[in-house]
Amino acid sequence: MIVLGAGLAGLRAAIHLREKGYQVEVLEKLGEPGGMARSHEKSGFIFDHGPHGFMSRDQWINEEFEEVVAGQGGWYGLTKWSQIHYRQQYFNFPLKMRDIILKMDPFTLAATFVAFVWARLRVMITKRAPANAEDYLVDQFGRVLYNEFFGPYTKKVWAIEPRELDADFTRDRVPTLNLWDIIRRMFSDPAKDQYRMTPSGRVITHDLHAGYYPKRGARALPIGYFEKAKRLGVTFRFKVELDGIDLESRRLAARENAQPVTLPFDRVVSTIPLDVLVPLLAPPAPAEIGELAQGLRYRGIILVNLCLSRPQVIQPHWVYFTDRLFNRISEYRHFSRDLAPPGKTGICLELGATANDELWTASDAEIVRHCVLELEELDLVKPSEVLDHLVIREPNAYPLYDVGYQDRINRLVTWLEQTAGIVTAGRQGRFLYINQDAAIKSGFEAGEAAARLVETGSVGDRPVWGDQRPRRKIVV
Ligand SMILES: Cc1cc2nc3c(=O)[nH]c(=O)nc-3n(C[C@H](O)[C@H](O)[C@H](O)COP(=O)(O)OP(=O)(O)OC[C@H]3O[C@@H](n4cnc5c(N)ncnc54)[C@H](O)[C@@H]3O)c2cc1C
């Protein structure tokens, strides 16, 4: 079996297939495993590829996390704490009544409340299903908060109008500020709250507040899986450039460290981007499939990591902004105190950008200069406190769920799996806006499907969306 990509999904698929007795080889274009869950070092500071808390509702995944990370320095418990910066004030998120009363002026509070009640009543009476992200956010929060915060925030992060984004994406991932929940939770026991699921069968992630963070940074998890895979006998090739996948002769052509190699395979599990995979296939995919793959859109991210001489910058893990160059600031010491030298701190600023746009192509020095100026304006950091920086550009950070995406992805993935016989997994491999736990689950399920394909000639029923989580406990 060949697995393309050594991120969490690829690593977990490889382990599962090896445990089932298959010979497994993993091909990775970078020089190290981990994909988006890897970490980077600079001047004695450790930064993730964007801050990575680990939260899962699945017991087997939490147990697996503990086992895998135990050998990589262990973990700290993580109780998420976020704030939003709104009208020059910091509001805890989800909102606390005390914050609202102390920080919002009575006029805004009244207008927000009336708009919220009106929006909720309208949904109850009309029972309308939101057609897009704007509808969804207005239904949830009312027009005032949409106009003031959620509309601008969503547009800033994704660079398209919220009405062009699918409502399902918003339900899943935009950090919502659901006043109805706030009121309900003032009177209810949070421990007894039912988990809320999106239509795609996923737990609404911002309801997950407790989880883990590896003491040595997010990379401890993929490195733990990598070590486990090697112990089991999985082989790895790094710095691999893929040239072609011949589905008839079942041979994959590539260059490893610039040297050509041809690798025979029985089946391929792919966790690499769909628009990279499809053009590699021979015989070529039908034109419609090629167009679907090339039509996928991603939103990139620029991570501006700063090494600072001061001990602390913000209080919570994350603060969200609508009116700054960056969308979010996070501070790593709140995840693990072991990620910065004593008395110093590392922060990450996340800037939404799209590959080759004006921001993307600006120099690192220019981007850092602007960010530090804004931090100074916010009275958070002085330029003299910046010891060093590390700017990272990730072009495929976020799959862009524009309206109608579900049908397109379904057709593409179904063709790959049912016709071409290539099993797909993970955030890039299936164009899913998922977190680490779901990438792990997706890898495990892909391993099952690939084995099924070999044994029965079919991957079986594999909907792209839906609650596919395995129920049994798996020990790694
Ligand atoms: C900024 C940011 C913040 C995040 N924060 C969190 C968080 O707080 N909590 C959380 O749980 N998750 C978070 N995530 C999501 C998490 O990182 C991903 O869900 C997970 O790492 C995806 O794993 P994957 O294996 O599916 O994909 P990837 O990690 O993308 O793995 C794909 C692999 O394929 C390789 N590859 C690509 N092209 C080729 C090719 N042509 N040939 C060979 N190999 C190739 C890549 O190098 C990569 O190693 C965040 C992601 C981002 C971008």
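Everything discussed here concerns the structure shown above.
Residues numbered from 1 in each chain as written. Predicted model: local features only at pLDDT ≥ 70, side-chain atom pairs only at ≥ 80, totals over all residues.

1. So, helix H13 (residues 364–377)
- Across its 14 residues, H13 extends 20 Å between first and last C-alpha, which sits within 8% of the 20 Å expected from 1.5 Å per residue.
- Listing the buried residues of H13 in full gives Ile367, Val368, Cys371, Val372 and Leu375. One face of H13 carries all of its buried residues, which in axial projection span an arc of 130 degrees. Structural note: H13 exposes Ala365, Glu366, Leu373 and Glu377 on the side pointing more than 90 degrees away from its buried face.
- Residues of H13 that are buried in the fold lie against strand S15 (298–308), strand S18 (345–353) and strand S19 (386–399).
- Immediately downstream of H13, the backbone of Asp379 shows phi near 65 degrees, a positive value. (Helix = DSSP H or I, 4+ residues; strand = E, 2+ residues; numbered from the N terminus. Expected span 1.5 Å × (residues − 1). Buried ≥ 20, exposed ≤ 12 C-beta atoms within 10 Å, placed from the backbone. Arc of directions from axis to C-beta. Contact = placed C-beta atoms within 7 Å.)

2. A short note on unusual backbone geometry
- Cis geometry is found at the peptide bond from Ala282 to Pro283, where omega equals -5 degrees.
- The topology assignment puts Pro283 in the loop between strand S14 (281–282) and helix H11 (287–294).
- Of note in this structure, Asn356 is not a glycine but carries a positive phi near 75 degrees.
- Mapped onto the elements, Asn356 comes out in the loop between S18 and helix H12 (358–361).
- Overall, Asn356 belongs to the exposed group, with 9 C-beta atoms counted inside 10 Å.
- Notably, Phe431 is not glycine yet its phi reads approximately 55 degrees, a positive angle.
- By secondary structure assignment, the location of Phe431 is in the loop between helix H15 (426–429) and helix H16 (436–456).

3. Re helix H4 (residues 106–126)
- Given a rise of 1.5 Å per residue, 21 residues ought to cover 30 Å, and the 30 Å separating the end C-alpha atoms of H4 matches this to within 8%.
- Listing the buried residues of H4 in full gives Thr112, Phe116 and Ala119. One face of H4 carries all of its buried residues, which in axial projection span an arc of 65 degrees. Seen from the buried face of H4, the exposed residues on the opposite side, beyond 90 degrees, are Pro106, Phe107, Ala110, Leu121, Met124, Ile125 and Thr126.
- Directly after H4, the chain includes Lys127, whose backbone phi takes a positive value near 55 degrees.

4. Thoughts on the pairing of strand S10 (residues 240–246)
- As defined by bridge partners, S10 adjoins strand S11 (residues 251–256) across 6 bridges and the pair is classed as antiparallel. What sits directly across from Val240, in S11, is Glu256.
- Between S10 and S11, which pair antiparallel one after the other, the connecting turn spans 4 residues, and Arg250 there sits at a positive phi close to 50 degrees.
- Relative to S14, S10 is paired through 2 bridges, and the arrangement is parallel. Opposite Ile245, over in S14, you have Leu281 as the bridge partner. (Pairing = 2+ DSSP bridges.)

5. A closer look at the sheet that holds strand S17 (residues 328–331)
- Taken together, 7 strands build an open sheet; the order of strands is S7-S6-S16-S17-S18-S15-S19 and the sheet is mixed. Because the sheet does not close on itself, it has two edges, and the strands there are strand S7 (89–93) and S19. Averaged over neighbouring strand pairs, the angle between their axes works out to 25 degrees when direction is ignored.
- Pairing analysis gives 4 bridges linking S17 to S18, with the strands arranged antiparallel. Note that in S18 the partner of Arg328 across the bridge is Glu350.
- In this fold H13 packs onto S15, S18 and S19, with an angle of close to 105 degrees to the strand it touches most, S19. (Axes fitted to C-alpha atoms, helices over the stretch in contact; angles between N-to-C directions.)

6. Regarding the sheet that holds S11
- Reading across from one edge, S12-S11-S10-S14 is the order of the 4 strands in this open sheet, with mixed pairing throughout. Lying at the two open borders of the sheet, with one neighbouring strand each, are strand S12 (259–264) and S14.

All quantities given are derived from atomic positions and should not be read as evidence of function.
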